[in-house]
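Residues per chain, in single letters:
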Amino acid sequence: MSMLEQIESKLKNAFSCEHLEVINESHMHSRGTESHFKVIVVSNDFEGKRLLQCHRMINEVLADELANHIHALAIHTYTQSQWKNADIPNSPKCLGGSKFDQ
């Protein structure tokens, strides 16, 4: 199973997703083929939670991947009502410094 598929599977199992997008952005960087990802998760599981809480929920689900496999993860979380007006920003350019280079 690819890292993208693993991320997608874990997020689907953890949240009631109205919309889920996992995008491999590794081609935009110099750290390998499965090192940089963007996730867009739309779920009412985020209702009433602050952005930081939502990001922590994603980080908890992907703790192993973040600790051992992924260099960067752009997280975009929305409730169903927020998603209707969402303007998803582009991911920033990577500044390097991968822990996997050491």
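Residues numbered from 1 in each chain as written. Predicted model: local features only at pLDDT ≥ 70, side-chain atom pairs only at ≥ 80, totals over all residues. Heavy atoms only, no water.

As recorded in an unreviewed UniProt entry, the protein chain goes by BolA/IbaG family iron-sulfur metabolism protein and comes from Pseudoalteromonas spongiae. On record in UniProt, under Sequence similarities (unreviewed entry), the comment for the protein chain is "Belongs to the BolA/IbaG family." (UniProt positions renumbered as here; feature names shortened; annotations may be inferred.)

**Q** Before we go on, may I ask you to explain the overall build of the protein chain in this structure?
**A** Secondary structure assignment for the protein chain yields four helices and three strands. Listing the helices and strands of the protein chain from first to last along the sequence gives α-β-β-α-α-β-α. Counting the 102 residues in the protein chain, one finds 32% classified as buried. A fraction of 62% describes how many contacts in the protein chain between residues 6 or more apart in sequence connect residues 24 or more apart. Roughly 6,300 Å² of accessible area belongs to the protein chain as shown, and the carbon and sulfur atoms make up 46% of that amount. (Helix = DSSP H or I, 4+ residues; strand = E, 2+ residues; numbered from the N terminus. Buried < 20%, exposed > 50% of the residue type's maximum accessible area, 1.4 Å probe, protein only. Contact = heavy atoms within 4.5 Å. Areas by Shrake-Rupley, 256 points an atom, 1.4 Å probe, with all protein chains shown as cover.)

**Q** Sorry if this is basic, but what is going on with the packing of aromatic side chains here?
**A** Note on aromatic pairs: each is described by the distance of the centres and the angle between the planes. Counting across every chain of the model gives two aromatic pairs. The interplanar angle of 50 degrees and the centroid separation of 5.7 Å between the aromatic rings of Tyr-78 and Trp-83 together place this pair among those described as tilted. Note on Tyr-78: relative accessible area 13%, which makes it buried. With a relative accessible area of 25%, Trp-83 lands in the partly exposed category. (Phe/Tyr/Trp six-rings, centres within 6.5 Å; stacked < 30°, edge-to-face > 60°.)

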